[in-house]
Amino acid sequence: MTGAPDTSPDAGTGPAAQGRLLVVDDEPAILDTVGRFLKFLGYEVRTAATVHEAVTAARAFLPELILLDVMLPDGDGFEVMRRLRQDGLPHAVVFLTARDTRKDLVRGLTAGGDDYITKPFGLDEVAARVQAVLRRTRPRQLSDPVLRVADLELDPAAHTVHRGGTPVELSPTEFRLLRYLMLHRGRVVPRAQLLAHVWSYDFNGDDTVVATYISYLRRKIDRLGPPLIHTQRGIGYSIREPR
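My aim in this report is to walk through the structure given alongside it, one point at a time. Since the model is a prediction, treat every value here as computed from it, not as a measurement.

Counting its secondary structure elements, the chain contains eight helices and 14 strands. Per-residue burial for the chain yields a buried fraction of 48% across its 243 residues. Within the chain, contacts between residues separated by at least 24 positions form 63% of all contacts whose residues are at least 6 apart in sequence. As displayed, the chain offers around 11,500 Å² of accessible surface, 50% of which is attributable to carbon and sulfur atoms.

This part is about the sheet that holds strand β12 (residues 189-190). Judged by pairing direction, the sheet is antiparallel, and its three strands sit side by side in the order β12-β14-β13 without closing on themselves. If you trace the sheet from one side to the other, it starts and ends with β12 and β13 (229-232), each paired once. Strand direction decides the pairing type here: β12 and strand β14 (residues 236-239), joined by two bridges, are antiparallel. Residue pairing across strands places Val189 opposite Tyr237, the latter belonging to β14. Helix α6 (residues 172-183) rests against β12 and β14 of the sheet, and its axis sits at about 75° to β14.

The next point concerns the sheet that holds strand β8 (residues 147-149). Strand order in the open sheet formed by four strands is β8-β9-β10-β11, with antiparallel pairing between adjacent strands. Taken across any chain shown, the strands that pair with only one partner, and hence form the sheet edges, are β8 and β11 (166-167). The sheet contact formed by β8 and strand β9 (residues 152-155) spans three bridges and is antiparallel. Paired with Val149 across the two strands is Leu152, which belongs to β9. Set on the sheet, α6 makes contact with β8, β9 and β10 (160-163); between it and β9 the angle comes to about 115°.

What follows is about the environment of Met182. Mapped onto the elements, Met182 comes out in helix α6. According to the relative accessible area criterion, Met182 is buried, its value standing at 3%. Here the alpha-carbon distance between Met182 and Arg240, two residues 58 residues apart in the chain, equals 8.3 Å. Setting aside its immediate chain neighbours within four residues, Met182 contacts Leu147, Arg148, Val149, Leu152, Leu154 and Ile239.

The subject of this paragraph is the nonpolar core. Counting 30 residues, the largest nonpolar core has Leu177, Leu178, Leu181, Trp199 and Ile239 as its most contacted members. Not counting chain neighbours up to four residues away, the residues in contact with Trp199 comprise Leu109, Gly113, Asp114, Arg136, Thr173, Leu177, Leu194, Val209, Val210 and Tyr213. Counting residues in each nonpolar core, the second largest holds 22 residues, with Val34, Leu65, Leu96 and Leu134 among its members.

Enumeration according to the criterion identifies three aromatic pairs in this entry. Considering the side-chain rings of Phe95 and Tyr116, the 6.5 Å spacing of their centres and the 55° angle between planes classify their relative orientation as tilted. With Phe95 in strand β6 (residues 92-97) and Tyr116 in strand β7 (residues 115-118), the pair connects residues that are 21 residues apart, well separated along the chain. Residue Phe95 shares its accessibility class with Tyr116, and that shared class is buried. One aromatic cluster is present, formed by Phe78, Phe95 and Tyr116 through successive ring pairs.

Considering the arrangement of structural elements, one finds Val189 in strand β12. Looking at Val189, the relative accessible area reads 2%, which means it is buried. Distance in space between the C-alpha atoms of Val189 and Gly236 is 5.4 Å, their sequence separation being 47 residues. Ignoring sequence-local partners within four residues, the contact set of Val189 consists of Tyr180, Leu181, His184, Leu194, Ile235, Gly236 and Tyr237.

Any two side chains of opposite charge can pair, given that their charged atoms come close. The full count for this structure, using the stated rule, is 14 salt bridges. We note a salt bridge from Glu125 to Arg129, for which the minimum N-O separation is 3.3 Å. Residue Glu125 and its partner Arg129 are both found in helix α5 (residues 123-137); the two are separated by four residues, about one turn of the helix. The exposure class of Glu125 is partly exposed, given its relative accessible area of 26%. Its relative accessible area of 25% is what places Arg129 among the partly exposed residues. For Glu174, the salt bridge goes to Lys220, with nearest N and O atoms at 2.7 Å. Taken together, the residues Glu174 in helix α6 and Lys220 in helix α8 (residues 208-221) connect sequence positions 46 residues apart. On the basis of relative accessibility, which here comes to 5%, the residue Glu174 falls in the buried class. When salt bridges with common partners are traced through the structure, they connect Asp25, Glu27, Asp69 and Lys119 into a single cluster.

Basis of the calculations
Residues numbered from 1 in each chain as written. Predicted model: local features only at pLDDT ≥ 70, side-chain atom pairs only at ≥ 80, totals over all residues. Heavy atoms only, no water. Helix = DSSP H or I, 4+ residues; strand = E, 2+ residues; numbered from the N terminus. Buried < 20%, exposed > 50% of the residue type's maximum accessible area, 1.4 Å probe, protein only. Contact = heavy atoms within 4.5 Å. Areas by Shrake-Rupley, 256 points an atom, 1.4 Å probe, with all protein chains shown as cover. Pairing = 2+ DSSP bridges. Axes fitted to C-alpha atoms, helices over the stretch in contact; angles between N-to-C directions. Core = buried A, V, L, I, M, F, W, Y, C linked by side-chain atoms within 4.5 Å. Phe/Tyr/Trp six-rings, centres within 6.5 Å; stacked < 30°, edge-to-face > 60°. Salt bridge = Lys/Arg side-chain N within 4 Å of Asp/Glu carboxyl O.

Below is the structure:
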């Protein structure tokens, strides 16, 4: 990991900040270097070194994105994300970890992560990933139209979903996946296309992440009425009006 510019503790805070970030890692050098670098880029940054500190900081600070180490002294990053999701806090999550196997990568993304960076990493990579995830997860501009399929309604500006007037609570990744399907309503969207546009990942045909999130959406949406989300075996998924 390359060095970061020397910045004051107050750098990257206040109304001009590009966004609120929480960096969670048990290595003091990473916390200091990454934290200072992101402040230098204009972000408002808080840091934490344990599961307890991370959950406490996230609840108080309400970051838009968490850079989250998988291995922590009192647990792991998956526990942090699970507890925050239970609180209904839809933070974007980018995992920081030395684990680089496909199994761990898929586990992180299916647990609700938005991206995954393996150690050692460069600060320019961290900055690029943070910017890319924030672009994907931030609410769209007010000009974005409300999307509708039958009695299902998705409002990109308000970042809300309703079916038959009933609110449907979705994680950021679930919201992006549903929005992409609704933008292509009536068409079968290949799994590879969903991976590329919702997660920005290519798993060489491994659709575990997509299948997992489709099941999440079905449990939350299709339970409220006739099924809207359909599988085209061997190809992908579609959302369409009930027949």
